[in-house]
Amino acid sequence: MYHTEAIVLSRFELGEADRVLTLLTPHDGKLKAIAKGVRRPRSRIGGAVEPFAELELVLARARTFDVITQASVGHAWLSLRDRLESTATAWYLAELSERAVEERAYAYPVYALLRRAYQLLDDGMAPTRVARWFEFGLADALGMRPEVERCVECDRVLEADETYRWVPVLGGTMCSQHLPPPSEQMPLSLDALKLLRAYRRLDIEAIAGLRLPAAVEAEVESALRRFIRVVLEREARSLAFLDEVRTPRQGRSVTATG
Ligand SMILES: [Zn+2]
């Protein structure tokens, strides 16, 4: 038997009444555990083991999946589930965490990052800012912090009056002296570079207060998503859902104004 804090990343149903949970823990990394009888109405731990909740768990070691014997909710973060975009963002961040962390390995930096991100979403912070802050922090936690101050090729500090490219496979910003393959780079505006630097230098509370043109946020979103795709070596499945829930909102605002 052992005790741990854990955040539920995903789950699937098993047999008549059980659920298998993928958990992120600070010290045991990612692990799968079974919650037996949890789908029965009178289950003692049923209501506790929801996605995006932080739990206090007692587990019994077993051959395939460890068995959850006790569960209580540390943080439910119920408000983040009230809005579709923050829920979809929570799924996206859970998926990135699941991909980033090994089983049974120390994972405190990623755990702390995800915990804070869920708290921020629950507090009502703009999901897109939380997602960018998380992507930047995740790459950093994995030892692949994006370079946003210097050219990744010649190490020169980038100045305001030049043109830049974003080259995720090489680790970040590049000056115009070099010619990376077109498929591996995107142009980067000065405002987008400044915002990327803000994600590196500022705390999320300060970033949340910035007033930014939508085009600059979209540019940085594209840049950091590409970067994370390189870091984790593939596209996140949950992005399609996240983009889908965001599109109708733009459609509605057009209707409202027209
Ligand atoms: Zn250069």
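Preceding block: the structure.
A few points on the structure.

Conventions used here
- Residues numbered from 1 in each chain as written.
- Predicted model: local features only at pLDDT ≥ 70, side-chain atom pairs only at ≥ 80, totals over all residues.
- Heavy atoms only, no water.
- Helix = DSSP H or I, 4+ residues; strand = E, 2+ residues; numbered from the N terminus.
- Contact = heavy atoms within 4.5 Å.
- Areas by Shrake-Rupley, 256 points an atom, 1.4 Å probe, with all protein chains shown as cover.
- Lys, Arg positive; Asp, Glu negative; His and termini not counted.
- Charge placed at Lys NZ, Arg CZ, Asp CG, Glu CD.
- Buried < 20%, exposed > 50% of the residue type's maximum accessible area, 1.4 Å probe, protein only.
- Pairing = 2+ DSSP bridges.
- Phe/Tyr/Trp six-rings, centres within 6.5 Å; stacked < 30°, edge-to-face > 60°.
- Donors = N, O, S within 2.8 Å, 3.2 Å for Na, K, Ca; no water.
- Tetrahedral: all angles 85-135°; square planar, octahedral: opposite > 155°, others 65-115°.
- Polar contact = N/O pair within 3.5 Å; in protein donor to acceptor, adjacent residues only side chain to side chain.
- Axes fitted to C-alpha atoms, helices over the stretch in contact; angles between N-to-C directions.
- Salt bridge = Lys/Arg side-chain N within 4 Å of Asp/Glu carboxyl O.

Attention shifts here to the overall build of the chain. Helix and strand content of the chain: 7 helices and 8 strands. Considering only C-alpha atoms, the chain reaches an extent of 65 × 50 × 30 Å along its principal axes. Partitioning the contacts of the chain with sequence separation of at least 6, the portion at a separation of at least 24 is 60%. Total accessible area on the chain stands at roughly 13,100 Å², and carbon and sulfur atoms take up 50% of it. Each charge sign in the chain was given a centre, from 36 positive and 37 negative side chains, and these centres are 4 Å apart.

A few words on the environment of Ala90. In this fold, Ala90 is placed in helix α1 (residues 84-100). Accessibility expressed as a relative area gives 0% for Ala90, which makes it buried. When the C-alpha atoms of Ala90 and Ala17 are compared, they prove to be 26 Å apart, with 73 residues separating the residues in sequence.

This next bit is on the pairing of strand β3 (residues 29-35). Extensive coverage of β3 is indicated by the burial of 6 of its 7 residues. One ladder, built from 7 bridges, connects strand β2 (residues 18-25) with β3; its direction is antiparallel. Residue pairing in the sheet places Thr25 in a bridge with Gly29 of β3. Relative to strand β5 (residues 66-75), β3 is paired through 2 bridges, and the arrangement is parallel. Bridge pairing in β5 places Ile34 opposite Val67.

Taken as a whole and judged by the stated rule, the model has 4 aromatic pairs. Summarising the aromatic geometry, the rings of Phe52 and Tyr118 are spaced 5.6 Å apart at their centres and angled 70 degrees between planes, so their arrangement reads as edge-to-face. Of this pair, Phe52 sits in the loop between β3 and β4 (54-60) while Tyr118 sits in helix α2 (residues 108-122), and the two are 66 residues apart along the sequence. Residue Phe52 shares its accessibility class with Tyr118, and that shared class is buried. Seen in terms of ring centroids, Trp77 and Tyr118 are 5.9 Å apart; in terms of plane orientation they differ by 70 degrees. Their pairing is edge-to-face. One end of the pair, Trp77, is in the loop between β5 and α1; the other, Tyr118, is in helix α2, and 41 residues separate them in sequence. In terms of burial, Trp77 and Tyr118 fall into one category: buried. Taken together, the ring pairs in this structure connect Phe52, Trp77, Trp91 and Tyr118 into an aromatic cluster.

Turning to the coordination of the zinc ion, a few remarks are in order. For the zinc ion, the full set of protein donor atoms is Cys151 (SG), Cys154 (SG), Cys175 (SG) and His178 (NE2), at a range of 2.1 to 2.3 Å. Around the zinc ion, the 4 donor atoms are arranged such that angles at the metal cover 100 to 116 degrees; this shape is classified as tetrahedral. On the primary sequence, the residues serving as donors to the zinc ion are separated as C-x2-C-x20-C-x2-H. You can see Cys154 sitting in the loop between α3 (127-141) and β6 (164-167) and its partner Cys175 sitting in strand β7 (residues 172-175), a full 21 residues away along the chain. Overall, the relative accessible area of 0% leaves Cys175 in the buried class.

Tracing the chain through its elements places Thr173 in strand β7. Take Thr173: its relative accessible area is 0%, and that puts it in the buried class. Within polar-contact distance, the side chain of Thr173 engages the backbone oxygen of Arg150 at 2.8 Å. The residues contacting Thr173, other than those within four sequence positions of it, are Glu147, Val148, Glu149, Arg150, Cys151, Val152, Leu158, Arg165, Trp166, Leu188 and Leu193.

For the rest of this paragraph, the subject is the sheet that holds β2. Ordered in space as β1-β2-β3-β5-β4, the 5 strands form a closed barrel in which the pairing is mixed. Across the sheet, the mean angle separating the axes of adjacent strands is 50 degrees when strand polarity is ignored. Helix-sheet contacts for α1 involve β1 (2-14), β2 and β3, and the interaxial angle to β1 is about 110 degrees. With respect to the sheet, α2 is in contact with β1, β2, β4 and β5, its orientation differing from that of β1 by roughly 70 degrees.

The next point concerns the pattern of salt bridges. All told, the structure shown has 23 salt bridges when counted by the stated rule. Across the salt bridge formed by Arg116 and Asp203, the nearest N and O atoms sit 3.3 Å from each other. Placement of Arg116 in helix α2 and of Asp203 in the loop between α4 (190-201) and α5 (204-208) is noted, with a sequence separation of 87 residues between them. We classify Asp203 as partly exposed; its relative accessible area is 40%. Of the charged contacts in the structure, one is a salt bridge between Arg200 and Glu149, with a shortest N-O distance of 3.2 Å. Highlighted residues: Arg200 in helix α4 and Glu149 in the loop between α3 and β6, separated in sequence by 51 residues. The exposure class of Arg200 is partly exposed, given its relative accessible area of 32%. Among the residues examined, Glu149 registers a relative accessible area of 14% and is labelled buried. Ionic contacts of the salt-bridge type, sharing partners, join the residues Glu85, Arg132, Glu135, Glu221, Arg225, Asp243 and Arg246 into one network.

Any link to function would need more than the numbers given here.
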